[in-house]
Amino acid sequence: MTTTGCKLFGMHKLAVKVFSAEYSLICTIARYQKPYISLMDGITMGFGIGLSGHGKYRVITERTVLAMPENGIGLFPDVGFAYIAARTPANGAVGTYLGLSGARVNEPADALFVGLGTHFVPSENLSSLKESLLAKDLSNASEAVEDALKVFGGKPEAPAQLKTLLPRISSAFGPDKSVSESIKALEKEQHSSDAKVAGWAKAALAGIQKAAPFSLEATHKHFSSVVLNPSAQIEDVMKAEYRMALRIAVRDDFFEGVRAVLVDKDQKPKWQPAQLESVRAEEIEFLFRTLDCDLIV
């Protein structure tokens, strides 16, 4: 995958270089013919999910923490997460919930339920798993990997909490729901008599309220388009995200989000615009327009 004839339109050359390299690698991983094994034994966020989430074997442990918090810095959940999200339960509603709220998945059963993980291996078994893989005859690599994962894998102790919340997630984050409608649904659910439901709704609301309104609308538009186009390939998604990323990365929101969250750490970003209702639809649509430096598959 390459880029051609980029005039940059005011976009920094470094952004072009970084996003083209990242997104090309993601497509390579997704199409890789040999078994691609990710061992996610700890915090796996952002590009960490990009590196792991598109491979065939996605191994999680009890220490795995997964999240896509990019809306909180004025960007959007990229690295092909929309492609992953569209394949999550409830017609992609679980993935949309994770993308909009930036919620963390820190229970192994939830990671398996969502599809971010394919196998659970206790962290104490990882060294033995790696040694076993290195020692195996890989003439039939997939069979060798499957055998090793059966030997050293296990089952999570706790059940998937997101599974019990699925009806609420589906209702609040279905593809027919706007961001505003999702927020209204959560505001209602936070008063549920079920403590787990109320806690989930409050946490989701808190995550959304921290995010840049423009990023939320951009994420919703992108995720919905992927869900509604089941024939979309990873290359199609990465082309769209490349266009989005180059344009969003030069917005004031991204600089402000990085300042507030990562540099000054005052956690008080001043988003432009500050309210969802002030986000202009034509500006969201502009993100997806063809670039003269588009990625070429």
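Going by the structure above, here's the rest.
To keep things clear, this report deals only with the structure shown in the data block. (Residues numbered from 1 in each chain as written. Predicted model: local features only at pLDDT ≥ 70, side-chain atom pairs only at ≥ 80, totals over all residues. Heavy atoms only, no water.)

Moving on to the packing of helix α9 (residues 166-173) against helix α10 (residues 179-189). One way to put it is that α9 packs onto α10 with a least axis distance of 8 Å and a crossing angle of 145°. In this structure, α9 uses R168, A172 and F173 to contact α10, whose residues at the interface are S182, A185, L186 and E189. Grouping the constituent residues of the contact of α9 with α10 by class yields four nonpolar, one polar and two charged. (Axes fitted to C-alpha atoms, helices over the stretch in contact; angles between N-to-C directions. Helix = DSSP H or I, 4+ residues; strand = E, 2+ residues; numbered from the N terminus. Contact = heavy atoms within 4.5 Å. Nonpolar A, V, L, I, M, F, W, Y, C, P; charged D, E, K, R; others polar.)

All told, the structure shown has eleven salt bridges when counted by the stated rule. The residue R31 makes a salt bridge to E235 at a minimum N-O spacing of 3.0 Å. Residue R31 is found in the loop between α1 (13-30) and β2 (37-40), and its partner E235 is found in helix α13 (residues 234-248); the two are separated by 204 residues along the sequence. A relative accessible area of 39% means that R31 is categorised as partly exposed. D253 is the salt-bridge partner of R251, the closest N and O atoms lying 3.9 Å from each other. (Salt bridge = Lys/Arg side-chain N within 4 Å of Asp/Glu carboxyl O. Buried < 20%, exposed > 50% of the residue type's maximum accessible area, 1.4 Å probe, protein only.)

Okay, the nonpolar core next. Counting 71 residues, the largest nonpolar core has Y23, F81, Y97, I169, F173 and W200 as its most contacted members. Looking at which element gives the most residues to this core, the answer is α13, with nine residues. Not counting residues within four places of it along the chain, the set of residues in contact with F81 comprises I49, M68, G95, L98, G99, L116, F223 and E241. Counting residues in each nonpolar core, the second largest holds ten residues, with L129, L133, V145 and F152 among its members. (Core = buried A, V, L, I, M, F, W, Y, C linked by side-chain atoms within 4.5 Å.)

Here we take up the packing of aromatic side chains. For any pair of aromatic rings, the description consists of the separation of the ring centres together with the inter-plane angle of the planes. Overall, the coordinates contain five aromatic pairs when judged by the stated rule. Pairing F19 with Y23 gives two aromatic rings, centres 5.7 Å apart and planes at 40°, and the pair type is tilted. Residue F19 and its partner Y23 are both found in helix α1; the two are separated by four residues, about one turn of the helix. Across the pair, exposure class does not vary: F19 and Y23 are buried alike. A network of ring pairs unites the aromatic residues Y97, F173 and W200 as a single cluster. Above the face of the F286 ring, R247 is positioned so that its terminal group lies 4.5 Å from the ring centre. R251 extends its terminal NZ or CZ atom over the ring of F214, reaching a point 3.6 Å from the ring centre. (Phe/Tyr/Trp six-rings, centres within 6.5 Å; stacked < 30°, edge-to-face > 60°. Lys NZ or Arg CZ within 6 Å of the ring centre and 35° of its normal.)

A word on the pairing of β2. Alternating residues of β2 divide into S38 and M40, all buried, and I37 and L39, none buried. Here four bridges tie β2 to strand β4 (residues 57-60), and the two strands are oriented parallel to one another. Looking at the pairing, L39 lines up with V59 of β4. (Pairing = 2+ DSSP bridges.)

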